[in-house]
Amino acid sequence: VQLQASGGGLVQAGGSLRLSCATSGRTFSSYALAWFRRAPGKEREFVARIERTGGGIYNEDSVKGRFTISRDYDKNTVYLQMNSLRPEDTAVYYCAADSSGGVYYTQSREYEYWGQGTQVTVSS
């Protein structure tokens with residue numbers, strides 16, 4: 001599976017961005033997809049996951065209610081709509097694919113395939 005993330009950029013606090021991750025190489029509905037992020041000096045953090053059938057799971061402490069994950073089965077693409085952005089959302093955002101359906105979905109080791117990352121910078 002190949003993953004290509006895009007859509008990052010510089011935005012002011014309170015603004016919005018939509019990240020996209022185009023996938024190829026395998027039947028789109030055969031894997032769950034997720035977004036992780038890594039802020040400077042911090043470990044990679046789970047942001048959100050969407051299951052094969054479309055159900056979303058979020059990091060409730062940091063993004064619940066502000067971010068929405070979705071997937072387009074026609075375009076083989078997963079999205080992360082980010083609203084009410086805060087400076088602490090500044091990070092490189094990565095998309096990832098999980099074909100095994102494991103239970104440790106907040107851990108990066110659960111995901112076999114990764115995109116290259118896209119930078120999101122939120123200014124105060």
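Predicted model only: the values in this text are computed from it and were never measured.

(A) Seen up close, the overall build of the chain. Each helix and strand in the chain was counted, giving 0 helices and 11 strands. Overall, the chain shows an N-to-C arrangement of helices and strands of β-β-β-β-β-β-β-β-β-β-β. Taken against the 2.2 N^0.38 rule, which gives 14 Å for 124 residues, the C-alpha radius of gyration of the chain at 13 Å falls within 12% of a compact globule. Projected onto the principal axes, the alpha-carbon positions of the chain cover approximately 40 × 30 × 25 Å. For the chain, buried positions account for 44% of its 124 residues. A fraction of 56% describes how many contacts in the chain between residues 6 or more apart in sequence connect residues 24 or more apart. By element, 44% of the accessible surface of the chain is carried by carbon and sulfur atoms, the whole surface being about 6,200 Å².

(B) Focus on the pairing of strand β4 (residues 32–38). Of all 7 residues making up β4, 6 are buried, and the element is well covered by its neighbours. Pairing between β4 and strand β9 (residues 91–98): 7 bridges, direction antiparallel. What sits directly across from Phe36, in β9, is Tyr94. When β4 meets strand β5 (residues 45–50), the two strands line up antiparallel, connected through 5 bridges. Bridging from a neighbouring strand, Phe36 pairs with Phe46 of β5. Counting the residues between successive antiparallel strands, the hairpin from β4 to β5 contains 6 residues, one of them, Gly41, with a positive phi of roughly 75°.

(C) The layout of surface pockets, seen in detail. Of the voids in this model, the largest pocket is the one considered here, and its volume is about 170 Å³. Considering only residue class, the lining of the largest pocket consists of 2 nonpolar, 2 polar and 9 charged.

(D) Representation of the sheet that holds strand β1 (residues 2–6) in the model. Pairing is antiparallel in the open sheet, where 4 strands are placed in the order β1-β3-β8-β7. Strands with a single pairing partner mark the edges of an open sheet, and in this sheet they are β1 and β7 (67–72). The average angle at which neighbouring strand axes cross in this sheet is 15°, direction not considered. Here 6 bridges tie β7 to strand β8 (residues 77–82), and the two strands are oriented antiparallel to one another. Looking at β8, one finds that Arg71 is bridged to Val78.

(E) The arrangement of the environment of Arg109 in detail. Structurally, the position occupied by Arg109 is in the loop between β9 and β10 (113–114). Placed 11 residues apart in sequence, Arg109 and Asp98 show a C-alpha to C-alpha distance of 9.6 Å. Polar contacts involving the side chain of Arg109 include one to the side chain of Gln107, which spans 2.5 Å.

(F) Focus on the pairing of strand β3 (residues 17–24). Relative to β3, β1 runs antiparallel, the two sharing 5 bridges. Along β3, the bridge assignment pairs Leu3 with Thr23.

Thresholds applied
Residues numbered from 1 in each chain as written. Predicted model: local features only at pLDDT ≥ 70, side-chain atom pairs only at ≥ 80, totals over all residues. Heavy atoms only, no water. Helix = DSSP H or I, 4+ residues; strand = E, 2+ residues; numbered from the N terminus. Rg over C-alpha atoms; globule rule 2.2 N^0.38 Å. Buried < 20%, exposed > 50% of the residue type's maximum accessible area, 1.4 Å probe, protein only. Contact = heavy atoms within 4.5 Å. Areas by Shrake-Rupley, 256 points an atom, 1.4 Å probe, with all protein chains shown as cover. Pairing = 2+ DSSP bridges. 1 Å grid on protein atoms, 1.4 Å probe; cavity = no way out; pocket = protein on both sides within 12 Å on 5 of 7 lines; lining within 4 Å. Points joined across faces, edges and corners; volume = space filled by probe spheres on them. Nonpolar A, V, L, I, M, F, W, Y, C, P; charged D, E, K, R; others polar. Axes fitted to C-alpha atoms, helices over the stretch in contact; angles between N-to-C directions. Polar contact = N/O pair within 3.5 Å; in protein donor to acceptor, adjacent residues only side chain to side chain.

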